[in-house]
Amino acid sequence: MNLAALLHSLRCSLLHIENRLMQAAGIERQLVPALAVNGPSLLPPVEEQQLEEGQSLKRPPGVLDSIFWMAAPKKRRTIEVNRTRRRAESKLIKVKLNIEPCPECGHLKQKHILCGFCYAKVCKETALIRHQIKAMEGGPLGAPTVETVVLYVDETPSDLDKDRRIVERPRKRPAWFGQ
Amino acid sequence: MAATMTGCGVASIRSIFGLVHPRLATVAVGPQQLCCLHTSTTLETKNWERRNKIVYPPQLPGEPRRPAEIHHSRRQIKYSKDKMWYLAKMIRGMSIDEAVAQLQFNDKKGAKIMREVLLEAQEMAVKNHNVEYKSNLYVAESHTGKGMYLKRIRYHGRGMFGIMDKVYCHFFVKLVEGPPPITEKKTSLDQANEYVQLLKRRTVIHSL
């Protein structure tokens, strides 16, 4: 059944009842409506119902009007449903089994990664060597064309070191720095 | 912090209170402690820290040894409680050394903070709570709570705005002395089998 036609017939019957009530009360108002309210039309306008079948109000179809375009949740997700999703086994943090102590210093390290403590201590020493080299060179682009060798206290340059730049460090050779 | 009350009369009352309920034997902070009315709101109470103050009466010779319990927390951490929860769930039931190691190699922001809290708690245990070996502790409870949020405006298009929450969280941990308890791991298949067995075990009453 056509919705617009149904609403129209309903409206006509209401107007008819109203007229009857007016006649009963004795007020003769044939063409003037008893109550005029300015507001959005609750019933479809009478002259529009011949034009389209399915559309009740004539207006250009906008993107936001179509109900099939924007997906929206039908119901609120309960806390139980939310919890089972958030606490699923795949979302929990996995325990790492590849942690072991470093044989050199005893701090913990991951099997495939260098020990953080040992790396830090090497970084420190190399920073000091680099500072010394910077002081020796004096300015930028001062690197010599020969190799560099680092010598510590009580170390004499060997035959291989005669055509190399020597960087002196005033401390004894650290155990991890090979000859 | 703790008001020390001298006088043998008050001490005897306190010992009676201690026998009745160990929680009432806490070092009194004033008349507030002795009455059980709500005198402070939820935001001001620091219940977790207060659990460290309970003093049990000396154990009798035949009683099994009561393991030391250390409650520690950190408040208003600039992190989300939901993200922190995953780390707290990971370390539940682990020994303290294992927990510290796992947190050291985790890349999350909360892991660093949690590691600090655990190390602090370990130190507290050895110093104040009469724990003999610092490695002989395990994480009995660890959970997170929502802290006090700050609210800010997040500007959207067309003059719309949303209220943004700057999240904070609390982290609570309870260390207990002793080796970590061994929980038997139940797989989902085992649980399913158990359920099926439960159904099969039922007897139908009032039937033919």
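A brief look at the structure comes next. Residue numbers run consecutively from 1 along every chain, following the written order of its sequence. As they are written, the chains are lettered A onward and the ligands numbered 1 onward, keeping that order. In keeping with the model being predicted, local features are shown solely for residues with a pLDDT of at least 70 and side-chain atom pairs are shown and tallied solely at 80 or more, while totals for entire chains, interfaces and linings include all residues. Side-chain measures here rest on the full set of heavy atoms in the structure, leaving out hydrogens and waters.

**Notes on the overall build of chain A**
Thinking step 1. The way it works is that DSSP assigns letters per residue, a run of H or I at least four long becomes a helix, a run of E at least two long becomes a strand, and they are numbered from the N terminus. When its secondary structure is counted, chain A shows 3 helices and 4 strands.
Thinking step 2. When the helices and strands of chain A are placed in sequence order, the string is α-α-β-β-α-β-β.
Thinking step 3. Remark: exposure states derive from per-residue accessible area (1.4 Å probe, protein chains only) relative to the maximum for the residue type, with buried under 20%, exposed over 50%, and partly exposed in between. With 179 residues in all, chain A has 13% of them scored as buried.
Thinking step 4. Any two residues whose heavy atoms approach within 4.5 Å are treated as being in contact. Put simply, of all contacts in chain A between residues at least 6 apart along the chain, 31% involve residues at least 24 apart.
Thinking step 5. With the model as given, the accessible surface of chain A reaches about 15500 Å², and the carbon-plus-sulfur share is 61%. Accessible surface is estimated by sampling points in the Shrake-Rupley manner with a 1.4 Å probe; for residues, cover comes only from the protein chains shown.

**A word on unusual backbone geometry**
Residue and element names in this part refer to chain B.
Thinking step 1. Even without a glycine there, the phi angle at Asn 130 is positive, about 60°.
Thinking step 2. Assignment of secondary structure puts Asn 130 in the loop between α6 (109-128) and β2 (137-146).
Thinking step 3. The exposed category is assigned to Asn 130, whose relative accessible area is 64%.
Thinking step 4. Notably, Arg 158 is not glycine yet its phi reads approximately 60°, a positive angle.

**Re the packing of aromatic side chains**
Thinking step 1. For Phe, Tyr and Trp, rings pair up if their centres lie within 6.5 Å, where Trp contributes its six-membered ring, and each pair is then called stacked (planes under 30 degrees apart), edge-to-face (over 60) or tilted (otherwise). What the rule picks out here adds up to 4 aromatic pairs over all chains.
Thinking step 2. Here Tyr 152 of chain A and Phe 177 of chain A contribute two aromatic rings whose centre-to-centre distance is 5.8 Å and whose plane-to-plane angle is 80°, an arrangement assigned as edge-to-face. With Tyr 152 of chain A in the loop between β3 (148-151) and β4 (165-168) and Phe 177 of chain A in the segment after β4, this residue pair connects regions lying 25 residues apart in the sequence.
Thinking step 3. For Phe 177 of chain A, a relative accessible area of 27% gives the class partly exposed.
Thinking step 4. Ring geometry for Trp 176 of chain A versus Phe 177 of chain A: centroids 5.8 Å apart, planes at 5°, classification stacked.
Thinking step 5. Given the relative accessible area of 35%, Trp 176 of chain A is considered partly exposed.
Thinking step 6. Either the NZ atom of lysine or the CZ atom of arginine qualifies as a charge over a ring when it sits within 6 Å of the ring centre and within 35 degrees of the ring normal. Above the ring of Tyr 168 of chain B, the side-chain terminus of Lys 78 of chain B is found at 5.4 Å from the ring centroid.

**Regarding the pattern of salt bridges**
Thinking step 1. By definition here, a salt bridge exists when the distance from a side-chain nitrogen of Lys or Arg to a carboxyl oxygen of Asp or Glu is within 4 Å. Tallied over the full model, the rule gives 16 salt bridges over all chains.
Thinking step 2. In this structure, Glu 147 of chain A and Arg 164 of chain A form a salt bridge, with 3.2 Å as the shortest nitrogen-oxygen distance. Taken together, the residues Glu 147 of chain A in the loop between α3 (116-137) and β3 and Arg 164 of chain A in the loop between β3 and β4 connect sequence positions 17 residues apart.
Thinking step 3. Taking the relative accessible area as the measure of exposure, Arg 164 of chain A reaches 27% and is therefore partly exposed.
Thinking step 4. Across the salt bridge formed by Lys 186 of chain B and Glu 194 of chain B, the nearest N and O atoms sit 2.9 Å from each other.
Thinking step 5. Under the relative-accessibility criterion, Glu 194 of chain B is labelled partly exposed at 42%.
Thinking step 6. One network of salt bridges, with partners in common, ties together Glu 125, Arg 169 and Arg 171 of chain A.

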